[in-house]
Every structure is written in structure tokens, then in C-alpha cells.
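Overview (structure and organization)
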Amino acid sequence: MSTDLATASRPWWRRPQRSDRWAFYWFLAVPAVIFIVPALFGHPAIDADNLIQNFPLRVLAGRQIASGHLPLLDPLTNAGTPLLGGMNAGALYPLTVIFAFIPPIVAWLINMIVVYLTASIGVFALCRWHGLRTWPSFAAAICYTYSGAMIGQMVHLGVVQGYSFIPWALLLMVALSRRLSELPGEPSWRRLARVGFPWVVGVAILWGLTFLSGEPRGIASIELLTLVVVPCVLLLRSSYWLRSWRLRIAYLATLAVGFAWGVGLGLVQVLPGWAFINFSERSEVNYDFYGAGSLAVRWTTLLFTPDLFGGNGAFGQAGFFANYNLAEVTGYVGVLALIAGAAFLTRVTRKGWRGADRDWVIYLVIGVIGLFATWGSFTPLGHLFRDIPIYGSTRLQSRNVILVDFPLALFLGRWLQLIRDAQFERAGLRRFSRWIALVPAFFAIVLLGGLLGWGQWVIDKIGITHDVYAKLESKLTLANSLFLGVALLSVLAVVFLARHARTLFSVLMTILVVDLSLFVIFTSSGLIGGAGPREASQSAAERLLSSNGRFALVDQGGVHTGYYRTIGEPNMNVFTHMPSVQGYGALISTIYDNATGTHPQAALNACHLADGTFTQLRLGAIAISASELMTNTVLVRPVPRTCVKQQVAGTVKRYFGERLKVRELILTSDANSQNAPLSTTPLRLRFVNGSGHAFGSWYPATNSSATKAVFDFAAPPFAAGFELTSSSGVEIGNAVVTPYNSKWSYELDTNFELAIATSQWRLTSTQDTFSVFKATTLIPRAWLTTTSTGSVTNIRTAAWGDAWVSVALTKASTLERSEAYLPGWRATAVNSTTGRVVQLTVHRAGLIEKVDVPEGTWVIHFHYHAPYIELSVATSAGSTVLLILVALWFLRQSRRRRNSKVIS
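So, here's what we can say about the structure. (Residues numbered from 1 in each chain as written. Predicted model: local features only at pLDDT ≥ 70, side-chain atom pairs only at ≥ 80, totals over all residues. Heavy atoms only, no water.)

1. Describing the overall build of the protein chain
The helix and strand tally for the protein chain stands at 29 helices and 22 strands. Since a compact globule built from 904 residues should have a radius of gyration of about 29 Å, the 32 Å found for the protein chain is in line with a globular shape. With respect to the three principal axes, the spread of C-alpha positions in the protein chain is 100 × 80 × 50 Å. The proportion of buried residues among the 904 residues of the protein chain is 57%. Long-range pairs, those at least 24 residues apart, make up 77% of the contacts in the protein chain between residues at least 6 apart in sequence. (Helix = DSSP H or I, 4+ residues; strand = E, 2+ residues; numbered from the N terminus. Rg over C-alpha atoms; globule rule 2.2 N^0.38 Å. Buried < 20%, exposed > 50% of the residue type's maximum accessible area, 1.4 Å probe, protein only. Contact = heavy atoms within 4.5 Å.)

Now the structure itself:
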């Protein structure tokens, strides 16, 4: 029995057959196994951005929902970023709400399983709608779901949530067109509205979930897909082409109403997010920002072999070594999908595609436009994409590769169906067309063979030039050999089994499973979480960082990422309940970021640390990597001091950031001070231990002049720093330390060194190669700018960010509060004596907020309302209620139809 692949009328949904049910069981079993089993062994799929961003922020959102409050603010970061408006938390996405009721890890696993279940069923349903049988549809579904960007972007939950909706979005658009095209005659507008209403609901749910995910790339992907599919449906001849303008208008109106309803459902996320974007660093997006992360055209070769520049490090292979990120360039969906795509091209004639093949031209258009979108600013067409509203405001265009993966997976399902039905002519496996179809496999074979024999030359031609890469590329032999074997087997199967339909189909299915398995093993970077806990340790954080203020973790080289995550690298401080001045997210207040430099992970602006910017934020503890305090005199170019002016002091301190066995210290005066002396009186030096306490005897200089002093140590002390004193004062221009039995020397003159080596900070702990410093004084959480007018009598805070400040004033005064200013903060003052209620306007005072308070005794309630939150909540709630009522109506109608059938 053969299939006509969608030339006949087929409903978009029908009762699953027995084989369909078995496919559904597999769709559920596969993600359950691949996510639950690693979690049972302590390695849940929580890594990279999921670990420090998506997971903790969803946990925080769940906690606030459980407390009965909307998840509007993250009071634990104070990083100039809200919670709901910051988008990354997906704070009101339906599957985020479950974090309020079940353990975080379990809730996360459910989220991941649902994402991959949604994607696989979506592709399967779309293929079945096209008329494909169960197992070709199953092959297309697993190809899309467990390869390419769906696996590569696993480290970004919001992104793969959006990707999982892509097949459903296309199914809704083409199935609606088919349904309208089947209406007899010229239907009335009322008839068209009645027919289109279920699709309005489906489109609304799709867009509502997309918006609620909070992921701009997910929104942009569905938007671009819609902008491609709708014109194709209206213009390309197919079995679902609309024959009249009335039907086309009804089609567009149905999608538009569904989209508007979807906006209403997701407005509670969209409106606060859009408002904050205008206050963030993305308020002005130029072309360079749009083009950041575009895939270089020559890197398209990654579609033919996924480990071209390294993989995930499994089995001793090299990790990704190019100047980008593995997750952002992964798009490999297997050599068979590439062959299937090429096979479809062989069916083109001078008049285009004919017959049932016309239904598949839409996927070719999606793939081509998706490829150019992936290239982004590397082609002139990037300027056209940049002008698309919303889409043009996003970056990381390489993520558009999902729109290449998706049609290739669909072509694979079509191709396997034709092979199974022995339609070799339409499958592109007859005569000369067979060799055209195999071109992608031949290219993969040549590329992989070149990598095995002349790897350095190949990657150099692709644009990766560095001597060290030759050694790294040589560690990819195993992966390249296995993928080469897959490509060779694919060619041999097609060439020698082209007349044996069932055998060829079985062999190709086996090759597909092997190919996808190798991809997951060697290229997936987020499936199995790395070492270390998924939740930071509150006890460890308190032991190192405990203070009355906030903390910061500095390690811009990422050396201590693993340990910093243990003590609550933002946003993992959700689990330690300790507030930070940092927070890692896609959006941050421009004002806050410019002043603090905290947008990059584990980063801080040393110059503003020195000038007291962080004082108003109540920074009480800071952990700094040794690499930020001292620089290797040979390996690293010294960083010129840019912001800290040297001062003459009786005692000067320097810190190593780790404990060193010191053999020699060389101190020189500041060259910018016209050879000013280090000191006019004798110098004495003493070392400090890992806790910042001085120990041992004083050491005099063994060799000194007016501008230079050398200290040699016959018995090298083990120390974390030193202090230098002189009765006339000391001014160190530079200090170089040489450890015992080391060929390296280190300069102690970085901006962080000079900012932290002051009386405002004291060393409290030295751990391995980083040190913890604590502020010697902290300002209060709230204060009056004029203390003579009254006082702050009490401060009370809540876990969701609200605060109540009690003041007693004899005169009107200004109250400042150490909380990062964001649009949306409100203050309500209640007079403790009269009960009078006054609304106070919250202003910005530097990075924090202030209010003008009238005379009297007041309790001032500070509460954060995301901009437009009342309007967006009301709209989303109304849209949701309407959706529930419609669902109940559909259920009632379905029961009536079933009852009428029983009676008849």
C-alpha cells in the first residue's frame, strides 16, 4: 500500500492507532530515562546558564508564588534586574508554577521532560497530518528532538521551550488552511468564523505559552516562522492552497485574532518585560548587537559533522575550542536528514515541484530563510532581518539554525516513507538523481577524511587559526572516525539496497539511531550535569561570606566557577538566602551596569569599588580570585592602573589572593611621582596569614635605595600578603613577589589590588587561590539624609522584596534606602498617630532609592509593582478565564455529540 503524502483530505487530529500509541510511549520513555537516570546519580540536566540562571530563578519564582505573591522582584540580587520583568525566570509560565509545590529538582525534570515530549509529539502529529505512517513520522520526531539545536540549546530552558512549539505552530497554520480550503462553495462569514474558532483557540494557547516562557529567542523563532509560513500558504500551490480572497481573509483574521488572544494571555509577562527592556542595556539595539552571535558562513560545515571544533569532552576528546560556544553553533541533525533534503531537490522540474511534492515546498522555503537568518550579519540580508519588529531586537542569530533543523527532520520523514513504500523515483534514488541526493554524504566523508588526515589544514581553511588547535584537533580522532563510519554506511546502504525497500528502511532507521546516539554522546553539553551541587550550600556561604551586608564574587577568568557555585554565585544565592550585588541575566538596568560592571558572570568594576560606589549598596563581603590581585610578569601583560591614586600612608598592605611561600619581594616607588622615594625613613615588613592577621617578626630591607627596596627571605614564610610600615609614610608604586622554587614572579598592582588594600577592607579568609575580604564599616539599610530632623526606628523586610521602615521626624526630611532603584517601586506612608495615608514618590539617588517624608511618625511601606502590572494581570486573567470558559463549552459540546450518537 502506498501513500499519496497529503493529496487526500486528512483531519489534523484523529484517534491514534495502536502503532501511534506505541510511538507516544516511546516519546515519553526516552526523555524520562535520559533526564531521570542521571538525576538519580546526582547529575541532573542543570548546567551552564540553566544552573546559574534558569533553575534558581524558577525556584525563587515558585517560592514567591507559594507565599501568595506575584513573582515580581528578586530581592536577593539587588542587581538592577526584576524577576518577572527580567524575562529569564519565565516567572508565570505554567510549568514554573509547579516549583511552588514540589521539590526543585523534581520540578525541573518535569519541565525538561515536557519540553522534549512536546517537541516530539508535535513533529509526529505534523508528519501524520501529511499522511506519513507511524515509523517515518517517529523517525522525523526523534531526529528533530534529539539532535541539532534542540539538544545543543538544552542549557537554555526557555530557548528549547520555544523550539518545542515550532512544529505545533506550523501544524496549526497549515491545518487551518486545509480546513478552510475544504469548505464547499463560497461559505458565509459566519460559517468561516465558526470553522476558524477552534484554530483561534489553538493559536492563542501557542502564542500565550510562547510569551509566558519569557524567552526572546523563542518568541522571535515563532515570529519568523509565522512570517515565512503565512505567505507560503497564501501564495504557493498545494493541497491546502486557498482558492478565494474570502478564504484568505478568513485565514489571516483567524491567525490575527488568535495572536491577539495569545498576547492577552501572555501580557502579564510581555508588558513588564517590554517596560524593563526600555530601562535596560538593550533599550537601544544597534546592528552590531543584532549581529552578535551570527554563524559565520564557513561554519555551516558544522551541519555535516558536529564535532568539527571539538565537542563535550566525552571519552577524552577535545572540548569545543573555537572562539564561541558549542551550544550556540550546534545544528547537526544527521547525515540522513541532509540526504533527504537533497533528495527533495532532485524532484524539482522546470515548472517547480509537482503533485504531492508541492505540499513540501514550504519546508524548503523555511530551511533556506532559516539558513540566511542563522548567518545573520554575515550576509547583506542581515539588514532586512534586522528591520523585523521584535525579531530584529534579538541577538545570537546562530540560534535560528532550529529553522534549518526542523525542515530537514520533516524531509527525513518524507524520504523514509517513500522508501518504505518503494517509491524510489520520488525518493530521489533512481539513476542520476541518486548521486545528487548523496552529495551531502560525500561532502561529509571528504570533510571527515580531511580532518583525520590533515586536520590542522582543514580547520585553518574554515577560519580557526592557532597553533594550539592542532593538538586539540588531534584529540577528535575517535568522534570523527565514528561519524565518518555513519556517512559511509549511509552511502553504501543507499547504493546497494536501493531496490530492497523494507531492508533499506530498516538499515536507515538503524543508522539514524546510531547517528543520533553518537551526537548525544559526543556533542550534547547539558544532558548530564557536571560536578558539584545544583543548589548552593547555605552553611558554606555563611561561613565565608556572612556579614550584615551584601556580597560579591569576582573571578572574571572563571577559575573558581565550581567553588563559587557552591557558595552561591548569583543567581544561585537563591538557595543561600544571602543577598548579593550581582545577578546574572539577559537584562540589567543600564544605570546599574554602568556603575557596577556586574552584568558578566562573576564580574565587578574595580574602579568603582575603589571610589565607593558599592558603599551605598552595602557591599559587606567580597571574594576575589588571586588572578585579579596579581599578574604574572611573564605570561600576562601588566594591566595599567586606571583609577586608584596612590596615597602616602604609614602602613601599606598588599595581598596575594592565595598563600605563597615567599622568597623575594621587590618594591619600587611610583614612576609618575618624579622618582619620589618609597620612604624617607627605614622600611619594615611583616607578613599576614590567610585570615589577615600579622604574624612573625618585622623584616628590614636587605637592599634598598630611595626608590627601591628588596626583601630576601632565607626561611621563606608562608603568607597571604604583607604590610609595610615607615614612620615617615610609604608610597609603593609597584610590588613584585617571587615564590620559593618558582620561575614566575607576580606584580601586585592591579586595580582590584589597590582597591581592596585599603582601610575600608580587611582580609578574613584565604581559600586555595581566592581570598575573602569584608568591609570594616557598613551604612544602615535605610537612613535620613538630615539626622537632626529625626531617626529611623525600625526596619522590617519580606522575602518577596517589600520593606517597612519606621521613622520619627520633627521636620520633613529625605529617607534613602539601600535598594537598587527600578521603575515600579512605590512607597506608602501611614501615620502611626493619625492613621493618615500618604503616597510618596520614589526617586533615584545614585543607584538606590529615596523618598521625601513629611513631618511626623510614619511607617513607610516600600513595595515593588512591575510597570503596567495591574493592566497586564487583569488582561491575562481575563484572557485565561475566557479560555477556560471556551474549554468547558467545547467539553460540553463534545459530550452532547457523544450522547446524541448513543441515543440514535
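After that view, the rundown keeps rolling.
2. Digging into the side chain of Asn88
The topology assignment puts Asn88 in the loop between α2 (48–66) and α3 (94–97). Using a relative accessible area of 10% as the deciding quantity, one classes Asn88 as buried. Excluding its chain neighbours within four sequence positions, the residues that come into contact with Asn88 are Gln53, Asn54, Leu57, Arg58, Gly585, Ala586 and Leu587.

3. Observations regarding a positive patch on the surface
Judged by side-chain charge, Arg237, Arg350, Lys351, Arg354 and Arg358 come together as a positively charged surface patch. With respect to the helices and strands, Lys351 occurs in the loop between α14 (335–345) and α15 (361–375). (Patch = residues over 30% accessible without salt bridge, like charges linked within 9 Å, V, L, I, M, F, W, Y side chains within 5 Å. Areas by Shrake-Rupley, 256 points an atom, 1.4 Å probe, with all protein chains shown as cover. Salt bridge = Lys/Arg side-chain N within 4 Å of Asp/Glu carboxyl O. Lys, Arg positive; Asp, Glu negative; His and termini not counted. Charge placed at Lys NZ, Arg CZ, Asp CG, Glu CD.)

4. A look at the environment of Asp802
Turning to its location among the elements, Asp802 is positioned in the loop between β15 (790–797) and β16 (803–809). Put simply, Asp802 and Phe496 are 306 residues apart on the chain and 72 Å apart in space, counted from C-alpha to C-alpha. Beyond its immediate sequence surroundings of up to four residues, Asp802 is in contact with Arg796, Thr797, His861, Phe862, His863 and Tyr864. In terms of polar contacts, Asp802 uses its side chain to reach the side chain of His861, at 2.9 Å. (Polar contact = N/O pair within 3.5 Å; in protein donor to acceptor, adjacent residues only side chain to side chain.)

5. Description of the sheet that holds strand β1 (residues 550–554)
Judged by pairing direction, the sheet is mixed, and its four strands sit side by side in the order β1-β2-β13-β12 without closing on themselves. Only two strands of the sheet have a single neighbouring strand rather than two, namely β1 and β12 (761–767). Ignoring strand direction, the axes of neighbouring strands in this sheet form an average angle of 20°. With five bridges connecting them, strand β2 (residues 619–625) and strand β13 (residues 770–775) associate as antiparallel partners. When the bridges of β13 are listed, Ala623 appears paired with Val772. (Pairing = 2+ DSSP bridges. Axes fitted to C-alpha atoms, helices over the stretch in contact; angles between N-to-C directions.)

6. Thoughts on the pattern of salt bridges
A complete count under the given rule lists 15 salt bridges for this structure. Taking the shortest distance from any N to any O, the salt bridge between Arg550 and Glu819 comes out at 3.8 Å. Here the residue Arg550 occupies a position in strand β1, and Glu819 occupies one in strand β17 (residues 813–820), the gap between them amounting to 269 residues. The buried category is assigned to Glu819, whose relative accessible area is 9%.

7. Overview of the environment of Asp307
Examined against the element boundaries, Asp307 turns out to sit in the loop between α12 (287–291) and α13 (326–329). Look at Asp307 and you get buried, because its relative accessible area is 0%. A C-alpha to C-alpha distance of 57 Å links Asp307 and Thr702, two positions 395 residues apart in sequence. Setting aside residues up to four positions removed in sequence, Asp307 forms contacts with Gln317, Leu476, Ala479, Asn480, Phe522 and Thr523. Only 2.7 Å separates the side chain of Asp307 from the side chain of Thr523, close enough to count as a polar contact.

8. Re the pairing of strand β18 (residues 825–831)
Burial within β18 is extensive, with five of its seven residues counted as buried. Strand direction decides the pairing type here: β18 and strand β19 (residues 837–840), joined by four bridges, are antiparallel. Looking across to β19, one finds that Ala829 is bridged to Val838. Here β18 folds back onto β19, and the loop between the two strands holds five residues, one of which, Gly835, carries a positive phi near 80°.

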